[in-house]
Amino acid sequence: MSGDSLNFSRTASNRIETRPTFVLVEPVDLKSVVDMPSLACAILLGACSSEDIDPVLIPGQTRIHDYLFSEGLPEVWALMDRLGEDVIKELDTPIAISTILERGYSAFEVEMTGLYQDIILDKHTQIYIGGDRLEYFFSAAETMGGVYHYYLTHRETESLALVDLYVDEILEADPCLIGFSVFSSFDPLTRAIRKKLKSRSETPIIVGGALLPYLPVQDFARLAEREQTDYLCVGMAEQYLPSLINSISNGQYEQGIPGVFRITGEEVSGLPLLNAPMPDTHNYPDYSQFDLDRYPTLTRILPVITAYGCTWSRCAFCSHHKGYLKSFHAIPIEHVVDTLLHLQRRYRCNHFAIHDEELPPGRAQQMSIELLDRKVENVRFYAYGRLGKGYD
């Protein structure tokens, strides 16, 4: 449903009753702007679909920006207006809030709706080439997001319409499990959403993501209480999350699933996921529920992964190799190119961001040769690489 409506929720009446429904909330960062969807969520959606589970995505940035620059403008204005002079002076926002308030709501509404129309909906090429208006869009999004971030961390959050919007969409899907993906930190918006969910539903909540492998298990009970979650998952959730969803859907909890920790009060039960074996097969990432044309880019960009871990694993500034994966595992080049072709054809995308820890020069060469041998045209990708022999 890419490029259509931003209402991604589905009701219990129009889903296949024999399949358990799992709701997944995309990571959110109120104070920054990204230009592509979440790879981790796309991989999870693909894994769930392959196991006969009905996954429902609640988008992050695209959903928030659609709200902030349109129907949410009255709430944004009211929040800014209630901040007070002292707080406004302290808040480090790209656009001065005092300047926005001085101009009045009508000017603010016209400017923000016009900005969203130009950058996201119409995508005027000249605006992107010029850069100034695009940069102003980023500043506006980060300013409005910063206001919400302040309220969510310093003031009462129960009355925020943005939180209610998320909660309503999640509960409308009638899931058996609600999942939240986190990246580098726990964000205050999804924490407020989970708190509201707990007050309105008994549906269990699971939280996982790239941050979890670095946190000590002995802190999980305290963490679960603060983050309003029943489960914490560590490692590559696509390997074991479908088993947990199916067991919960059947009215039971399957114990002993590596990487899944269940928290009940002060009790933490679960098995660590250390040096987990990599799967022999890899599902395609599923981007069908993301709104791919509502990112601030002229062309679609999709993230992919071709390998897990790092061949070097010795950089002092990097902590990635200290997580759950202690070795380098490369997906076969043939499958990597199959994935690029699948994504190119299904989503009309020619630009890809490789999200590996690093792309060794040998792998980059093999991928290029495979693309040439199969006469794949118009595929562009970029990746991280460690400068060394082969890239000189």
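Residues numbered from 1 in each chain as written. Predicted model: local features only at pLDDT ≥ 70, side-chain atom pairs only at ≥ 80, totals over all residues. Heavy atoms only, no water.

1. Overview of unusual backbone geometry
- Look at K123: it is not a glycine, yet its phi comes out positive at around 50°.
- Residue position: K123 is located in the loop between α6 (105–122) and α7 (125–130).
- Residue classification places K123 among the buried residues on the basis of a relative accessible area of 16%.
- The phi dihedral of D174 falls on the positive side, at around 55°, and the residue is not glycine.
- Structurally, D174 can be placed in the loop between α9 (161–172) and β3 (177–182).
- We classify D174 as partly exposed; its relative accessible area is 39%. (Helix = DSSP H or I, 4+ residues; strand = E, 2+ residues; numbered from the N terminus. Buried < 20%, exposed > 50% of the residue type's maximum accessible area, 1.4 Å probe, protein only.)

2. Things to note about helix α14 (residues 361–373)
- The end-to-end C-alpha distance of α14, which contains 13 residues, comes to 18 Å, matching closely the 18 Å that a straight helix rising 1.5 Å per residue would cover.
- Looking at the buried positions of α14, the neighbouring elements they touch are β9 (307–308), β10 (329–330), α13 (333–347), β11 (351–354) and β12 (380–383).
- At the exit of α14 stands K375, carrying a positive phi of roughly 55°. (Expected span 1.5 Å × (residues − 1). Contact = heavy atoms within 4.5 Å.)

3. What to know about the side chain of E227
- Within the secondary structure, E227 is located in helix α11 (residues 220–227).
- For E227, a relative accessible area of 0% puts it in the buried group.
- Within the local environment of E227, its side chain forms a polar contact with the side chain of R191, the two groups lying 3.0 Å apart.
- Ignoring any residue separated from it by four or fewer positions in sequence, one finds E227 in contact with F186, R191 and R194. (Polar contact = N/O pair within 3.5 Å; in protein donor to acceptor, adjacent residues only side chain to side chain.)

4. Some remarks on the pairing of strand β1 (residues 21–25)
- With five of five residues buried, β1 lies mostly within the body of the structure.
- The side-chain alternation of β1 yields two buried faces, one formed by T21, V23 and V25 and the other by F22 and L24.
- Sheet analysis places β1 next to strand β2 (residues 54–58), joined by five bridges and oriented parallel. Across the sheet, residue F22 finds its bridge partner in β2, namely P55.
- A crossover connection joins β1 to the parallel β2 through helix α1 (residues 39–50); in handedness this β-α-β unit is right-handed.
- Here β1 pairs with β3 via four bridges, running parallel. Across the sheet, the residue bridging to V25 is F180, located in β3. (Pairing = 2+ DSSP bridges. Right-handed = clockwise from strand over helix to strand, strands pointing away.)

5. A few points about the confidence of the model for the chain
- Summarising the model, the chain shows a mean pLDDT of 88, and 90% of its residues fall at 70 or more.
- A low-confidence stretch, residues 1–17 (pLDDT under 50), is modelled with 46 contacts involving residues beyond four sequence positions or located in other chains. (pLDDT = per-residue confidence, 0-100.)

6. Here's the deal with the sheet that holds strand β8 (residues 301–304)
- Here three strands make up an open sheet; going across it, the order is β8-β11-β12 and the pairing parallel. Of all strands in the sheet, those bounded by a partner on one side alone are β8 and β12. For this sheet, the mean inter-axis angle between neighbouring strands, taken without regard to orientation, is 25°.
- Where β11 meets β12, four bridges bridge the pair, whose relative direction is parallel. If you follow H351 over to β12, its bridge partner there is R380. (Axes fitted to C-alpha atoms, helices over the stretch in contact; angles between N-to-C directions.)

7. As for the side chain of R363
- Tracing the backbone shows R363 in helix α14.
- Notably, R363 is buried but unbridged: the nearest opposite-charge side chain belongs to D356, and the N-O separation is 5.3 Å.
- Among the polar contacts listed, one links the side chain of R363 to the backbone oxygen of I331, at a separation of 3.0 Å.
- Setting aside anything within four residues of it in sequence, one finds R363 in contact with T306, A307, A330, I331, I333 and V336. (Lys, Arg positive; Asp, Glu negative; His and termini not counted. Salt bridge = Lys/Arg side-chain N within 4 Å of Asp/Glu carboxyl O.)

8. Details of the pattern of salt bridges
- Tallied over the entire structure, the rule returns 16 salt bridges.
- A salt bridge links E169 to R63; its shortest N-O distance comes to 2.9 Å. Of this pair, E169 sits in helix α9 while R63 sits in helix α2 (residues 61–68), and the two are 106 residues apart along the sequence. Residues E169 and R63 agree in their burial class; the two are buried.
- Ionic pairing is found between R294 and D291, a salt bridge with its closest N-O pair at 3.3 Å.
- Residue class for D291 comes out buried when judged on its relative accessible area of 1%.
- Through salt bridges with shared partners, a single network forms among R63, D66, E169, D291 and R294.

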